[in-house]
Amino acid sequence: MMENRKPILGITMGDPASIGPEVAVKALLDSRVYEVSRPVLVGEADVFEQAIQFCGLDLKVNRISKIADAKFEKGTADVFDLKYMNIADLKMGEITAEAGDVSFRTVVKNIELALAGEIDGTVTGPINKESIQKAGHIFAGHTEIYAHYTDTKKYGMLLVEENLRVVHVSTHVSLRQACDLVKKERILDTIYLIDDACKKLGVINPKIGVAGLNPHASDGGLFGWEEEQEILPAVQEALKRGFNVEGPIPADTLFPKAIGGVYDGCVAMYHDQGHIPFKTVGFNWDQSKGQMKSVRGVNITLGLPIIRTSVDHGTAMEIAGRGIASPDAMVLAIEYAAKLHKSKKDNQ
């Protein structure tokens, strides 16, 4: 009975030519995954089997065409086999339209399974934006694909690693465009999203810090006007609505304080402002081996009608097929999807 309460999570392979299939199968060998969920891999069974072989893993593949046929047994990878490609056509480590098309269609299928109620949440492996666009799918990334296929208008990207939780006012746009998107209403929407996300992750009355856009949060207007005209009015309005929020705070002050536990959530004004401190905390480079020692951190899409978490690393084509990719972020993404499912059930 307890087993049936664990969420069924659809885990995509990401780009088949990348480290995505590898980190997915490796994650299934971590005992924490089966303690919190009933995982199903979604994608190409042949690709997952290839990853198991070059990693030398003790893992069997159970090919299924219905979620009801999954076994949910440690040591067996249940694969919802889509059969979108011939593995003989796969070029490991290369950016191709074929791989991009398969990875895109796999994401869409996972969304459909969740919307149909066949799975309780989705976890995504890394896709390559160039590959999916070569295939004719013009999306900036997973977040935008999910928003489109779930008809979601207000959404955001939440990054989580230990004490650091970050949502962005804008993400996949140029820096010039990002400055133009720093508007009061957009900032207010983002404050709501991070506050709601923190509560779903178990934080009571979260304290939110809002970053400034300009150096030193403009130093009273010396280095820009966005703080005075857009960010501060948004913070003041949020306070009136009952949010526990402070800002605008210089970004180089906000993020060290958040890592230290002063703030439960942060609002970043643009992509790199939030991603750089996040990856500094979660990504560790091994100088002696010339590769990442550990890659942690989770990307959660907020505002959707379904659960979506993801690794926050890329496709790492340069090491695809070598069996050295870390599954740490995938395991964390699965754990966070399970947490969000529990919160959702508790609040129904």
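This text follows the structure it describes.
Residues numbered from 1 in each chain as written. Predicted model: local features only at pLDDT ≥ 70, side-chain atom pairs only at ≥ 80, totals over all residues. Heavy atoms only, no water.

(A) View of the pattern of salt bridges. Overall, the coordinates contain 14 salt bridges when judged by the stated rule. One salt bridge in this structure joins Asp30 and Arg32, with 2.7 Å as the shortest N-O distance. Overall, the relative accessible area of 35% leaves Arg32 in the partly exposed class. A salt bridge links Asp196 to Lys200; its shortest N-O distance comes to 3.1 Å. Of this pair, Asp196 and Lys200 both sit in helix α9 (residues 184-200), four residues apart, which is roughly one turn of the helix. Note on Asp196: relative accessible area 25%, which makes it partly exposed. Residues participating in the shared-partner salt-bridge network are Asp46, Glu49, Arg63 and Asp81. (Salt bridge = Lys/Arg side-chain N within 4 Å of Asp/Glu carboxyl O. Buried < 20%, exposed > 50% of the residue type's maximum accessible area, 1.4 Å probe, protein only. Helix = DSSP H or I, 4+ residues; strand = E, 2+ residues; numbered from the N terminus.)

(B) Region of the structure containing the packing of aromatic side chains. Under the defined criterion, the tally for this structure stands at three aromatic pairs. Between the aromatic rings of Phe104 and Tyr149, the centroid separation amounts to 6.1 Å while the plane-to-plane angle is 65°, which identifies the pairing as edge-to-face. Here Phe104 is found in helix α5 (residues 97-115), whereas its partner Tyr149 is found in helix α7 (residues 142-149), with 45 residues between them in sequence. Overall, Phe104 belongs to the buried group, its relative accessible area being 5%. Tyr149 sits in the partly exposed class, given a relative accessible area of 34%. (Phe/Tyr/Trp six-rings, centres within 6.5 Å; stacked < 30°, edge-to-face > 60°.)

(C) Quick look at unusual backbone geometry. Note the cis peptide between Gly247 and Pro248, where omega equals 0°. When you line up the elements, Pro248 lands in strand β9 (residues 245-249). At Glu162, a residue that is not glycine, the phi angle is positive and equals roughly 55°. Assignment of secondary structure puts Glu162 in the loop between β6 (156-161) and β7 (164-168). In this structure Glu162 comes out as exposed when scored by relative accessible area, which is 54%. Here Ala316, not a glycine, exhibits a phi torsion of approximately 45°, which is positive.

(D) The arrangement of empty space enclosed by the protein in detail. Tallied over the full model, the rule gives one cavity of 30 Å³ or more. Put simply, the largest cavity is a space of about 30 Å³. Elements that contribute at least two residues to the lining of the largest cavity include exactly α2 (20-27) and α4 (45-55). The element best represented in the lining of the largest cavity is α4, accounting for four residues. (1 Å grid on protein atoms, 1.4 Å probe; cavity = no way out; pocket = protein on both sides within 12 Å on 5 of 7 lines; lining within 4 Å. Points joined across faces, edges and corners; volume = space filled by probe spheres on them.)

(E) Looking closely at the nonpolar core. Of all hydrophobic cores here, the largest spans 70 residues; its most connected members are Leu41, Leu158, Ile187, Val210 and Met269. For this core, the leading source of residues is helix α13 (residues 328-346), giving nine residues. Discounting residues that sit within four places of it in the chain, Ile187 has contacts with Val169, Val182, Val210, Glu230, Ile231, Ala234 and Met269. Within the second largest apolar cluster, 23 residues are counted, among which are Val40, Val42, Leu82 and Val108. (Core = buried A, V, L, I, M, F, W, Y, C linked by side-chain atoms within 4.5 Å. Contact = heavy atoms within 4.5 Å.)

(F) Focus on α5. Taking 1.5 Å as the rise per residue, α5 with 19 residues should run 27 Å; its terminal C-alpha atoms sit 27 Å apart, in good agreement. The set of residues buried in α5 consists of Ala99, Gly100, Val102, Ser103, Phe104, Thr106, Val107, Val108, Asn110, Ile111, Leu113 and Ala114. Backbone geometry just downstream of α5 places Gly117 in the positive-phi region, at approximately 80°. (Expected span 1.5 Å × (residues − 1).)

(G) Highlighting the side chain of Glu226. In this structure, Glu226 sits in helix α10 (residues 226-240). Of the side chains with opposite charge, Lys183 comes closest to the buried, unpaired Glu226, at an N-O distance of 7.7 Å. For Glu226, the side chain forms a polar contact with the side chain of Asn214, separated by 2.9 Å. Filtering out sequence-adjacent residues up to four positions away, Glu226 remains in contact with Val182, Leu213, Asn214 and Ile231. (Lys, Arg positive; Asp, Glu negative; His and termini not counted. Polar contact = N/O pair within 3.5 Å; in protein donor to acceptor, adjacent residues only side chain to side chain.)

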